[in-house]
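Residue-level structural notes
Each chain is listed here by its residues.
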Amino acid sequence: MNIVVCVKQVPDTAEADVRIASDGSGIEMEGLPLQINESDNYALEEALLIKEDRDGEVTVITLGPDSSEEVLRMCMAKGATEAVRLADPAFDGGDAWATANALAKAIGGMEYDLVLTGCMASDDGMTQVGVTLAEMLGVPHATYVTEMEIGDGAVTVGRELEGGLLEKLEIKLPAVVTIQTGINEPRYASIMGIAKAAKRDIDTKAASDLGLDTAEAGKAGSKTTLLGLDYPPAGEGAEILDGTPAEASTKLADVLKEKGFA
Amino acid sequence: MNDVLVLAEHLNGELKDVTFEMLAHARGVADASGTKVAAVLLGSGVGDLAERLAQQADEVLVRDHDGFAHYNSAVYQPVLADVIRGREPSVVMIGHTAFGVDLAPSLAVALDAPLASDVIDLAVEGSDLVGTRQTYGGKVNERVGFGGAAISLVTVRPAAFAPEEASRGGSVVALDTEVPDEPAFRRFVEYVEAAAGEVDITKSDVVIAIGRGIKEEENMPLITGLAELLGGVVACSRPVVDAGWLPKDRQVGSSGKTVKPKLYVAIGVSGQFQHVAGMKSAETIVAINKDPKAPIFQAAHYGIVGDLMKVVPALTEKITELRA
Ligand SMILES: Cc1cc2nc3c(=O)[nH]c(=O)nc-3n(C[C@H](O)[C@H](O)[C@H](O)COP(=O)(O)OP(=O)(O)OC[C@H]3O[C@@H](n4cnc5c(N)ncnc54)[C@H](O)[C@@H]3O)c2cc1C
Ligand SMILES: Nc1ncnc2c1ncn2[C@@H]1O[C@H](COP(=O)(O)O)[C@@H](O)[C@H]1O
């Protein structure tokens with residue numbers, strides 16, 4: 001069983017003071033820790049578990065800058081067998097459509113039974129690439145998957161709906177499945193795995209290698225256009241109880257007492 | 001511009017809130033461009049839902065058919081694509097829900113149309129539509145254009161817009177669009193309800209929620225202690241469940257529980273919309289977070305900007321003192 005996993009390198013912005021870059025095309029990346037997108041890490045783990053169970057190749061693929069090779073190497077350190085990076089200035093500034101289109105051209109030329117993606121990239125939050133890719137490849141899809149069981153030429157999945165309701169579906173292979181966090185327990189790479197992966201080759205492909213015209217790639221090949229970035233308007237917001245932890249806590253304890261909680 | 005078309009989402013005979021929120025916002029878009037709001041309803045035995053929608057929409061396009069007994073994007077997509085090609089609306093609004101994200105991108109490819117996902121605003125600027133969506137966990141807003149496409153698609157964030165009361169008496173039009181059989185490549189099997197847990201967090205007046213900011217499982221007793229002191233239950237954001245530190249029935253948010261306690265204390269929770277969706281109606285919301293820009297401070301009434309490892313013990317001590 002051959003599995004392709006789409007992975008994206010994203011900045012960790014949970015605790016960061018995010019600044020919009022002066023050219024307005026994105027955010028200042030300097031100083032932000034880079035990591036594999038959270039749900040992609042679960043997707044990789046799911047692929048590795050299937051591979052351990054039934055053999056086959058696990059190919060990781062990304063469309064991203066030089067730095068994203070770190071993510072591909074980390075995936076290989078954990079057990080991915082091949083890594084592909086789509087690298088070309090022509091890919092810059094693409095929307096979900098353009099990204100999915102490039103991925104579809106690359107994956108369409110591979111022998112695969114299953115494509116796994118994360119359900120959402122935490123940076124742009126599109127929640128689109130997996131399904132768009134499926135449609136472009138002409139294969140079925142299922143999204144937000146938190147349970148998966150491989151059957152004979154098909155996969156039974158549990159999709160997580162609102163409120164924790166699970167929708168069970170059977171989809172025929174080959175297919176694209178978008179993986180939700182929590183489906184498994186992602187492993188850590190071993191030191192030896194990391195050392196080995198450092199020496200591995202990454203298959204780099206430009207737009208022309210995919211038979212993609214530059215007009216079909218990146219910004220030019222996008223259906224939507226980025227008009228600008230802003231900070232969310234500062235709303236009314238919370239009343240901030242300031243001071244040292246002890247002072248702020250005294251204020252909060254007083255509020256809680258006044259409201260009858262303490 | 002042409003009409004604004006809203007896809008009605010429903011489950012088990014009930015329309016989802018996001019449907020009414022979209023209809024309300026669609027009205028603003030339609031008024032700004034001198035067009036109409038049409039709702040499209042696909043379902044089985046949904047006559048009464050159509051009547052309900054007609055109070056909000058100028059027109060309700062209904063395809064009532066057995067094939068829609070349960071949701072399957074592989075059946076919805078070709079039918080909707082047909083309806084949309086026939087009507088040529090300027091924009092189609094679909095909820096940014098588990099249902100919508102499964103459907104909208106596939107519809108976009110079928111129609112060769114642009115899609116802006118998870119929008120929190122859709123405005124008419126001149127003759128163009130502009131969507132606003134959030135990136136980086138709610139820290140940046142992105143304005144998106146549709147390149148002048150004839151038909152554009154958006155998925156709309158739940159609870160981004162307020163629903164509106166109306167009684168328009170719109171017309172209900174039965175469609176006869178062909179409905180394909182459920183394809184063999186994607187078959188619905190069943191819905192499985194989440195198992196009930198030991199503790200029902202929706203029943204407690206006080207909910208103390210912990211997020212990824214707790215960092216290590218061994219820090220959990222800090223939170224349990226505060227919850228015990230306040231007579232509340234411990235709940236959490238999704239990453240805490242994913243890490244296996246608390247069971248799924250403690251998760252607050254769109255894919256977890258919705259709680260409306262008298263007091264909700266969010267500790268080390270960033271406040272992304274999927275979490276906020278499950279707690280925004282709490283009476284008093286307190287947030288403790290070391291990032292002053294964390295979106296949770298927009299949902300909270302009171303906030304402390306600080307390290308939870310220092311604030312929580314200090315708070316526990318103060319409350320203990322008050323009690324003494
Ligand atoms: C389809 C879907 C459904 C989802 N459903 C849910 C859901 O139901 N519920 C849910 O919660 N999420 C849900 N999510 C996930 C959601 O998008 C966020 O990833 C999640 O809510 C983030 O959790 P968090 O705030 O705990 O973590 P983070 O976003 O990582 O935030 C951690 C916070 O802790 C703060 N912090 C760190 N250290 C400290 C410290 N020492 N002291 C004080 N503060 C500190 C940081 O400043 C940061 O704000 C869903 C996602 C998807 C795609
Ligand atoms: N540049 C990329 N390279 C590889 N995979 C990607 C890329 N962008 C998105 N994906 C995949 O698509 C999923 C959904 O991303 P998005 O639609 O951008 O939210 C991610 O979790 C990844 O698995």
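Bear in mind that the values here come from a model prediction, so they are computed numbers and not experimental data.

All right, on to the overall build of chain B then. A tally of helices and strands in chain B yields nine helices and 17 strands. A principal-axis box enclosing the C-alpha atoms of chain B has dimensions of 70 × 45 × 35 Å. Considering chain B as a whole, with its 324 residues, one finds that 58% of them fall into the buried category. The long-range share in chain B, meaning contacts at least 24 apart out of those at least 6 apart in sequence, stands at 63%. Summed over all atoms, the accessible surface of chain B reaches about 12600 Å², with 48% contributed by carbon and sulfur. For chain B, the centre of its 29 positive side-chain charges and the centre of its 43 negative side-chain charges are spaced 6 Å apart.

All names here are of chain B. Mapped onto the secondary structure, Arg 27 falls in helix H1 (residues 17-33). A distance of 3.1 Å separates polar atoms of two side chains, one belonging to Arg 27 and the other to Asp 58. Sequence-distant contacts of Arg 27, defined by excluding residues within four places in its chain, comprise Val 37, Gln 56, Ala 57, Asp 58, Glu 164 and Arg 168.

For the rest of this paragraph, the subject is the interface of chain B and chain A. One widely used convention gives an interface's size as the accessible area the parts lose upon coming together. Chain B puts 82 residues into the contact, and the matching count from chain A is 81 residues. Together, Tyr 136, Lys 139 and Tyr 302 of chain B form the three largest contributors to the area buried by chain B at its contact with chain A, with a combined 10%. A salt bridge links Asp 112 of chain B to Lys 223 of chain A; its shortest N-O distance comes to 2.7 Å. Residue classes in the side of chain B that touches chain A are distributed as 38 nonpolar, 21 polar and 23 charged.

What follows deals with the packing of aromatic side chains. Two aromatic rings are characterised by how far apart their centres lie and by the angle between their planes. The final tally for this structure, using the stated rule, is five aromatic pairs over all chains. Between Phe 68 of chain B and Tyr 76 of chain B, the ring centres sit 5.3 Å apart and the planes meet at 70 degrees, which makes this aromatic pair edge-to-face. The class of Tyr 76 of chain B is buried, set by a relative accessible area of 3%. Connected via pairs of aromatic rings, a cluster forms that spans Phe 68, Tyr 71, Tyr 76 and Phe 99 of chain B. One Lys or Arg, Lys 223 of chain A, reaches over the ring of Trp 97 of chain A and ends 4.6 Å from the middle of that ring. The side chain of Arg 157 of chain B reaches across the aromatic face of Phe 273 of chain B, ending 3.7 Å from its centre.

Attention now goes to unusual backbone geometry. Look at the link from Leu 173 of chain A to Pro 174 of chain A: it is a cis peptide, with omega at -5 degrees. For Pro 174 of chain A, the position within the fold is in the loop between strand E9 (166-172) and strand E10 (175-179). Phi at Asn 12 of chain B takes a positive value of approximately 50 degrees, unusual for a residue other than glycine. Judged by its relative accessible area of 64%, Asn 12 of chain B is exposed.

Residues and elements named next belong to chain A. In this structure, Val 5, Val 60, Leu 116, Met 148 and Ile 179 are the most contacted members of the largest nonpolar core, which totals 36 residues. Among the elements that take part in this core, helix H1 (residues 38-54) stands out by supplying six residues, more than any other. Among all residues touching Val 5, those that are not within four sequence positions of it are Asp 40, Ala 43, Leu 44, Ala 47, Val 58, Thr 59, Val 60, Ile 61 and Leu 116.

Turning to the site of ligand 2, a few remarks are in order. Residues and elements named next belong to chain A. Residues in close proximity to ligand 2 total 19 residues, the closest being Cys 6, Asp 40, Ala 121, Thr 127 and Gln 128. Separating a nitrogen atom of ligand 2 from a backbone N or O atom of Leu 63 is a distance of 2.8 Å. Surface burial for ligand 2 is 98%, taken as the share of its 480 Å² of free accessible area covered by protein chains. Those elements giving two or more residues to the shell around ligand 2 turn out to be strand E4 (58-63), helix H3 (96-108) and strand E6 (114-118). Counting residues per element, the shell around ligand 2 draws most heavily on E4, which supplies three residues.

Right, let's get into the environment of Asn 141 of chain B. By secondary structure assignment, the location of Asn 141 of chain B is in strand E9 (residues 140-145). On a C-alpha basis, the gap between Asn 141 of chain B and Ile 120 of chain B in space is 9.4 Å, while along the polypeptide they are 21 residues apart. Excluding its chain neighbours within four sequence positions, the residues that come into contact with Asn 141 of chain B are Gly 228, Leu 229, Asp 230, Pro 232 and Pro 233 of chain A together with Ile 120, Thr 132, Arg 133 and Gln 134 of chain B. At 3.1 Å, the side chain of Asn 141 of chain B forms a polar contact with the side chain of Gln 134 of chain B.

For the rest of this paragraph, the subject is the site of ligand 1. Close to ligand 1 lie 30 residues, the nearest being Arg 212, Ser 237, Gln 251, Ser 255 and Ser 270 of chain B. One finds residues of chains A and B in close proximity to ligand 1. The separation between an oxygen atom of ligand 1 and a polar side-chain atom of Gln 251 of chain B is 2.7 Å. A distance of 3.3 Å separates an oxygen atom of ligand 1 from a polar atom in the backbone of Gly 256 of chain B. Out of a free accessible area of 980 Å², ligand 1 has 94% covered by protein chains. Looking at the shell around ligand 1, the elements that each hand over two or more residues are helix H6 (238-242) and helix H7 (273-276) of chain B. Considering only residue class, the shell around ligand 1 consists of seven nonpolar, 16 polar and seven charged.

Turning to the confidence of the model for chain B, a few remarks are in order. Considering every residue of chain B, the mean pLDDT works out to 96; 100% of them sit at 70 or more. For this predicted complex, the interface score ipTM comes out at 0.97, alongside a pTM of 0.97.

Turning our eyes to something else, we now look at the domain arrangement of chain B. Residue and element names in this part refer to chain B. The domain architecture assigned to chain B consists of domain 1 (4-174) and domain 2 (206-323). When each unit is reduced to the centre of its C-alpha atoms, the spacing between domain 1 and domain 2 is 34 Å. Summing the contributions of domain 1 and of domain 2, the shared interface buries around 480 Å²; its carbon and sulfur component is 67%. Sorting the residues of domain 1 by area buried against domain 2 places Gly 137, Lys 139 and Arg 157 first, and these three jointly supply 67% of that buried surface. Scanning the region where domain 1 abuts domain 2 turns up one salt bridge.

Across the sheet, which stays open at both edges, the six strands sit in the order E13(A)-E17(B)-E16(B)-E15(B)-E13(B)-E14(B) with parallel pairing between neighbours. Each edge of the open sheet carries a strand with a single partner, namely strand E13 (239-240) of chain A together with strand E14 (233-236) of chain B. Bridging between strand E13 (residues 206-210) of chain B and E14 of chain B involves four bridges; their strand directions are parallel. Paired with Ile 210 of chain B across the two strands is Cys 236 of chain B, which belongs to E14 of chain B. Relative to E13 of chain B, helix H5 (residues 220-229) of chain B is tilted by about 170 degrees, and along the sheet it contacts E13, E14 and strand E15 (263-267) of chain B.

Where helix H4 (residues 129-137) of chain A contacts helix H4 (residues 98-111) of chain B, the two axes come as close as 8 Å, and the packing angle between them is 45 degrees. By the angle class used here, H4 of chain A and H4 of chain B are oblique. As for the relative orientation of H4 of chain A and H4 of chain B, their crossing is right-handed in sense. Taking contact as the criterion, the partners of Val 131, Thr 132, Glu 135 and Met 136 of chain A in H4 of chain A are, on H4 of chain B, Val 101, Asp 102, Pro 105, Ser 106 and Val 109 of chain B. Of the residues in the contact of H4 of chain A with H4 of chain B, the class split is five nonpolar, two polar and two charged.

Scoring rules and cut-offs
Residues numbered from 1 in each chain as written. Chains lettered and ligands numbered in written order. Predicted model: local features only at pLDDT ≥ 70, side-chain atom pairs only at ≥ 80, totals over all residues. Heavy atoms only, no water. Helix = DSSP H or I, 4+ residues; strand = E, 2+ residues; numbered from the N terminus. Buried < 20%, exposed > 50% of the residue type's maximum accessible area, 1.4 Å probe, protein only. Contact = heavy atoms within 4.5 Å. Areas by Shrake-Rupley, 256 points an atom, 1.4 Å probe, with all protein chains shown as cover. Lys, Arg positive; Asp, Glu negative; His and termini not counted. Charge placed at Lys NZ, Arg CZ, Asp CG, Glu CD. Polar contact = N/O pair within 3.5 Å; in protein donor to acceptor, adjacent residues only side chain to side chain. Buried area = accessible area lost by both parts, 1.4 Å probe. Salt bridge = Lys/Arg side-chain N within 4 Å of Asp/Glu carboxyl O. Nonpolar A, V, L, I, M, F, W, Y, C, P; charged D, E, K, R; others polar. Phe/Tyr/Trp six-rings, centres within 6.5 Å; stacked < 30°, edge-to-face > 60°. Lys NZ or Arg CZ within 6 Å of the ring centre and 35° of its normal. Core = buried A, V, L, I, M, F, W, Y, C linked by side-chain atoms within 4.5 Å. Near = heavy atom within 4 Å. pLDDT = per-residue confidence, 0-100. Domains from an automatic or database assignment. Pairing = 2+ DSSP bridges. Axes fitted to C-alpha atoms, helices over the stretch in contact; angles between N-to-C directions. Parallel < 35°, antiparallel > 145°, perpendicular 65-115°, else oblique. Left-handed = near helix turned anticlockwise from the far one by under 90°.

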